[in-house]
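Chain and residue survey
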Amino acid sequence: MGRLTGKTALITGGTTGIGLATARLFLEEGARVAIIGQDAQRVEAAGKELGEGVLALRADVTSAADMVAAAARIRALFGSLDVVFANAGIAQPMQFSDVDARHIDSQVDVNFKGVIHTVQCMLPLLNNPASVVLTGTTLAEQGVAGLSVYSATKAAVRSLARTLSTELAPRGVRVNVISPGLIETPIYGKLGLPPDAVQAWAGQLVAKVPAARFGQADEVAKAVLFLASDDSSYMMGENVVFDGGMATL
Ligand SMILES: NC(=O)c1ccc[n+]([C@@H]2O[C@H](COP(=O)([O-])OP(=O)(O)OC[C@H]3O[C@@H](n4cnc5c(N)ncnc54)[C@H](OP(=O)(O)O)[C@@H]3O)[C@@H](O)[C@H]2O)c1
């Protein structure tokens, strides 16, 4: 019997990287899984890869209307949800002196408002008990030049997990954060930087990791599984750092 047998789960940002690896693992562990991404082609590709039992939805987490529609599709197919992994996120490096309203809004909209829309829209579907996992980052507690707005959006997510934990505990909903460090995913190809600049930047960052390597998405997925499953039944409002020692050592 799998650790999520008989359970239903939604993963936003489930089309690539950490979300896709988590969807694979949740399926292996017996869950019925819905994934959300905003790019139609990637949604289709992930849906095909994960197999017929998966509900692959194109929805933009920045749009409350999209998320309401997604909730209706999930209710129609699954009835209810045991797990929500609010994981969709974007990272856009920019020196602080260049930061403008567009840069701020785009990251706040996806990384912070997107998490709020996701949890709010799925709340009526959540069973008692249920587990909500939010994706943060170690950068919520560290200072890396060029990532001021991204890091602050994730610090907001970490704060949200504490407040939601107290508000939703009476409904049997636990809320925790997974904070990855440097994980090898497509996100580095989406930074808007030339590939050689990404390589150089990644090389500088990995030199600060005691594990001396990037983490892999399927390693993070195992920590998400722990938070999603009953194995973490006594954890609420916690932040699980998963970073090869980068933020701690
Ligand atoms: N990789 C790391 O080193 C690292 C470290 C710390 C934290 N994180 C966090 O981990 C999470 C997953 O990132 P990843 O590294 O796995 O990167 P990724 O492969 O780029 O995955 C991001 C996912 O979010 C989705 N997404 C982005 N904007 C969206 C929107 N408006 N609506 C719906 N879905 C949206 C993407 O879908 P589309 O492809 O359709 O846009 C994709 O499925 C993010 O929250 C990221 O901030 C990553």
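Each remark here, short or long, concerns the structure printed above.
Here's a quick rundown of the structure.

Conventions and cut-offs
Residues numbered from 1 in each chain as written. Predicted model: local features only at pLDDT ≥ 70, side-chain atom pairs only at ≥ 80, totals over all residues. Buried ≥ 20, exposed ≤ 12 C-beta atoms within 10 Å, placed from the backbone. Helix = DSSP H or I, 4+ residues; strand = E, 2+ residues; numbered from the N terminus. Pairing = 2+ DSSP bridges. Right-handed = clockwise from strand over helix to strand, strands pointing away. Near = placed C-beta within 6 Å. Nonpolar A, V, L, I, M, F, W, Y, C, P; charged D, E, K, R; others polar. Core = buried A, V, L, I, M, F, W, Y, C linked by C-beta atoms within 7 Å. Contact = placed C-beta atoms within 7 Å.

A separate point is the pairing of strand β2 (residues 32-37). Most of β2 is tucked away, with six of its six residues classed as buried. Side-chain alternation along β2 places R32, A34 and I36 on one buried face and V33, I35 and G37 on a second face that is also buried. As paired strands, strand β1 (residues 8-12) and β2 are joined by five bridges and run parallel to one another. Across the sheet, I11 pairs through a bridge with I35, a residue of β2. The handedness of the β1 to β2 crossover, carried by helix α1 (residues 17-28), is right-handed.

What follows covers the site of the ligand. Around the ligand lies a shell of 31 residues, among which G13, G17, D39, G89 and I187 are the nearest. Those elements that provide at least two residues to the shell around the ligand are α1, β2 and α4 (101-122). Of the residues forming the shell around the ligand, the biggest block, three residues, is contributed by α1. Within the shell around the ligand, the residues separate by chemical class into twelve nonpolar, 15 polar and four charged.

Glancing now at unusual backbone geometry. Omega for the peptide link from N128 to P129 comes to 10°, which places this bond in the cis form. Here P129 is to be found in strand β5 (residues 126-135). Positive phi, normally seen in glycine, also occurs at A212, with a value near 60°. One can find A212 in the loop between α6 (195-206) and β8 (215-216).

Burial of nonpolar side chains together is a common tendency in soluble globular proteins. Counting residues in hydrophobic clusters, the biggest one holds 60 residues, and the most contacted among them are A9, I35, F85 and V224. Element by element, the count of residues in this core is highest for helix α7 (residues 217-228), at eight residues. Excluding anything up to four places from it in sequence, I35 contacts I11, G14, T15, G19, A23, A46, V54, A56 and L57. Residues A91, A140, V149 and Y150 belong to the second largest nonpolar core, which totals five residues.

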